[in-house]
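# Close look at the chain arrangement
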Amino acid sequence: MADPLLSVRGLGKKFSQDIKYNMYYGLLDLFGREPGNDLRKYEFWALQQIDFDLFAGDILGVVGMNGSGKTTLMRLLAGIYTTDYGKIEVQSGMRTTAIFALRSGMQMLFSGRENIYIKGAMYGMSKEEIDAKMDFIEDFSELGKKLDRPFGNYSSGMKARLAYSVALATDPNIFIIDEALAVGDSAFKAKCFDNLREFATRPGKGVIFVSNHTRKVMKVANRCMVIDEGQKVYDSPDVKAALEYYILNCFKVMGEERQQLKLEKIRNYEWE
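The notes below deal with the structure included here. Because the structure is a prediction, the values reported are computed rather than measured.

## Some points on the packing of aromatic side chains
Summed over the entire model, instances satisfying the criterion amount to 13 aromatic pairs. Note on Phe-15 and Tyr-81: the rings are 5.4 Å apart at their centroids and 70 degrees apart in plane angle, and the pair reads as edge-to-face. Highlighted residues: Phe-15 in strand β1 (residues 6-16) and Tyr-81 in the loop between α2 (70-77) and β4 (85-90), separated in sequence by 66 residues. Ring geometry for Phe-175 versus Phe-199: centroids 5.8 Å apart, planes at 55 degrees, classification tilted. Here Phe-175 is found in strand β6 (residues 174-178), whereas its partner Phe-199 is found in helix α6 (residues 186-201), with 24 residues between them in sequence. Look at Phe-175 and you get buried, because its relative accessible area is 0%. By relative accessible area, which is 3% here, Phe-199 ends up buried.

Below you can see the structure in the form of structure tokens.
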């Protein structure tokens, strides 16, 4: 088997629920205290002992209840958070693009075209790289002459189209997406799904798609990982089985009969 694009082993991240202690512990860690596996006063685990690999061709769906640790995982993989313990290893030369708030950093008074350069620079692209990708961004966003209008006059769908197109133009090896495919009208969403599936077929490309929309995960993912209370509880190439596990786990406080009724409703509403 080929080496993974991304390998995660024993990943853990903890936070403090008290801001004063959080600042104090941060100073301790900054000035030489090695982060340990122990919890200090007011601390809690956001993620603990997460292990997985992302291989070329993978579109890994990551699902979990609100507060399960999905966003923390994304921010660790993107380098926004530092790890408390464990390892995140990326193949040498691999480029990672992570999408969170699609429109963050975009300037309302600037034109759409000017914002392409701003957003591209935020992703680490040079002006020459952005110039080379301009035709792709224009074509994929389908905004035409609207690119030269003020960004602040765009509808929410137009803003998302442009921001998503710039993210694609970075041509990453590892593409990390958090609900970014909920953009634009139905035709544009379908275009995004088709592009994402095609993207993952290219050599050295993989996707992590974080979402609680089971229908979207079912349509696009070829693997699915379930996170619950900061821990990986299920990981399978059988996406449907993983999603069923996730749904039943969401209603684990109910009896088995009610769990099955909930699962059947979601199947009928989202999957048929």
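## Topic: the packing of helix α3 (residues 112-122) against helix α4 (residues 127-141)
Axis separation between α3 and α4 bottoms out at 10 Å; the angle between their running directions is 125 degrees. Between α3 and α4, the angle falls in the class oblique. Read as a crossing pair, α3 and α4 show a hand that is right-handed. Residues Arg-113, Ile-116, Tyr-117, Gly-120 and Ala-121 of α3 touch α4, and the partners they reach there are Lys-127, Ile-130, Asp-131, Met-134, Ile-137 and Glu-138. Tallied by class, the residues present in the contact of α3 with α4 amount to 6 nonpolar, 1 polar and 4 charged.

Analysis parameters
Numbering of residues starts from 1 in each chain and follows the order in which that chain's sequence is written. Given that the model is predicted, a residue must reach a pLDDT of at least 70 before its local features are reported, and side-chain atom pairs must reach 80 or more before they are shown or counted; all residues, however, enter totals for whole chains, interfaces and linings. Remark: hydrogens and water are excluded; side-chain values derive from all non-hydrogen atoms of the structure. Between the rings of Phe, Tyr and Trp (Trp by its six-membered ring), a pair exists once the centres lie within 6.5 Å; its type follows the angle of the planes, with under 30 degrees stacked, over 60 edge-to-face, and the other angles tilted. Here a strand is any run of E in DSSP of at least two residues, a helix any run of H or I of at least four, and the numbering for each starts at the N terminus. Partly exposed describes any residue whose relative accessible area lies between the buried limit of under 20% and the exposed limit of over 50%, with all areas from a 1.4 Å probe on protein chains only and scaled to the type maximum. Here an axis means a line fitted to C-alpha atoms, over the contact stretch when the element is a helix, while the angle between two N-to-C directions is reported on a 0 to 180 degree scale. Here roughly perpendicular refers to angles of 65 to 115 degrees, roughly parallel to angles under 35, roughly antiparallel to angles over 145, and oblique to all remaining angles. Rotating anticlockwise by less than a right angle from the far helix to the near helix defines a left-handed crossing, while the corresponding clockwise rotation defines a right-handed one. When checking whether two residues touch, look at their non-hydrogen atoms; a contact exists if any pair is within 4.5 Å. For this scheme, ten residues count as nonpolar: Ala, Val, Leu, Ile, Met, Phe, Trp, Tyr, Cys and Pro. Four count as charged, namely Asp, Glu, Lys and Arg, and the remainder, Gly too, count as polar.

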